[in-house]
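# An overview of the molecular structure
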Amino acid sequence: MRKTAFISAVVIGALLIVAGIGTWVVVSNTLADQKITVSEDASCLAGDEVNGPFSAYCQAQVIDKHAREATGGLTYAELPRDSELRPVAQSAAFLQASLFTSVVAFGVAGMAVLVGALFILIGFGIRDVSEHMTT
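This report concerns the structure included in the present document. Model, not experiment: these values are computed from the prediction.

How each quantity is defined
- Residues numbered from 1 in each chain as written.
- Predicted model: local features only at pLDDT ≥ 70, side-chain atom pairs only at ≥ 80, totals over all residues.
- Heavy atoms only, no water.
- Helix = DSSP H or I, 4+ residues; strand = E, 2+ residues; numbered from the N terminus.
- Rg over C-alpha atoms; globule rule 2.2 N^0.38 Å.
- Buried < 20%, exposed > 50% of the residue type's maximum accessible area, 1.4 Å probe, protein only.
- Contact = heavy atoms within 4.5 Å.
- Areas by Shrake-Rupley, 256 points an atom, 1.4 Å probe, with all protein chains shown as cover.
- Salt bridge = Lys/Arg side-chain N within 4 Å of Asp/Glu carboxyl O.
- Core = buried A, V, L, I, M, F, W, Y, C linked by side-chain atoms within 4.5 Å.
- 1 Å grid on protein atoms, 1.4 Å probe; cavity = no way out; pocket = protein on both sides within 12 Å on 5 of 7 lines; lining within 4 Å.
- Points joined across faces, edges and corners; volume = space filled by probe spheres on them.
- Patch = residues over 30% accessible without salt bridge, like charges linked within 9 Å, V, L, I, M, F, W, Y side chains within 5 Å.
- Expected span 1.5 Å × (residues − 1).

Within the protein, the secondary structure is distributed over three helices and zero strands. At 22 Å, the protein has a C-alpha radius of gyration far larger than the 14 Å of a compact globule built from 135 residues. When burial is assessed residue by residue, the protein has 27% of its 135 residues classed as buried. Here the analysis covers contacts within the protein between residues at least 6 apart in sequence; of these, 56% occur between residues at least 24 apart. Carbon and sulfur atoms form 66% of the exposed surface of the protein, whose accessible area is close to 8,600 Å².

In structure tokens:
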């Protein structure tokens, strides 16, 4: 039973690590393919290529800043329905949501790698306990 638990934990851990790394690479490459650069007036990572969680977050923040400047500080929901600025606010909200989704995807990918490593460590712990019990 312990041998099965050991093997299962290591296999699941390895799969989680591979899936996490794969997800990180796909999201990073997808962002890089868009050729987005963090605005020069961003409060963080200005001029950096958007290809990771921090640059995506910084660009989302600066998009919000620019949209609020254009709309007088109002969000899409706060603008009157007939406002000519609603499409600007709508596009900004969509772009922000997309960038924040990539930030979450990076977080989930990182968590999968860490949980995978934890599974492997638990698996080896189970194996070590099993070996000590038979000696």
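Attention now moves to the pattern of salt bridges. Taken as a whole and assessed by the stated rule, the structure comprises two salt bridges. The partner of lysine 65 in a salt bridge is aspartate 41, and the shortest N-O contact between them spans 3.4 Å. Here lysine 65 is found in helix H2 (residues 53-70), whereas its partner aspartate 41 is found in the loop between helix H1 (2-33) and H2, with 24 residues between them in sequence. Judged by its relative accessible area of 33%, lysine 65 is partly exposed. Here aspartate 41 falls in the partly exposed class, since its relative accessible area comes to 38%.

Before going further, it helps to examine the nonpolar core. Core analysis: the biggest nonpolar cluster contains 14 residues, and Leu31, Val38, Val50, Ala56 and Leu99 have the highest contact counts within it. Sorting the residues of this core by element identifies H1, H2 and helix H3 (86-134) as the ones contributing at least two each. Residue contributions to this core peak at six residues, all from H2. If sequence neighbours within four positions are ignored, alanine 56 has contacts with Leu31, Val50, Leu99, Ser102 and Val103.

Its location among the elements puts histidine 66 in helix H2. You can call histidine 66 partly exposed: its relative accessible area is 30%. Expressed as a C-alpha distance, the spacing of histidine 66 and valine 88, which sit 22 residues apart in the sequence, is 9.8 Å. For histidine 66, the contacting residues outside a window of four places in its chain are Ser39 and Asp41.

Moving on to the layout of surface pockets. Estimated volume of the largest pocket: approximately 160 Å³. Taken together, Leu31, Gln34, Ile36, Gln59, Ile63, Phe94, Leu95, Ser98 and Leu99 make up the full set of residues lining the largest pocket. Among the elements of the structure, H2 and H3 are those that each provide at least two residues to the lining of the largest pocket. For the lining of the largest pocket, the element with the most residues is H3, which contributes four residues.

Below, the discussion takes up a nonpolar patch on the surface. Among the surface-exposed residues, Ile12, Val104, Val108, Met111, Val115 and Phe119 lie close enough to one another that they form a single nonpolar patch of about 490 Å² accessible area. Here the nonpolar patch takes five residues from H3, the largest share from any one element. Here valine 104 shows up in helix H3.

On to H1, then. Spanning 32 residues, H1 covers 46 Å between terminal C-alpha atoms, matching the ideal 46 Å at 1.5 Å per step. Lysine 35 lies just past H1 and shows a positive phi near 55 degrees.

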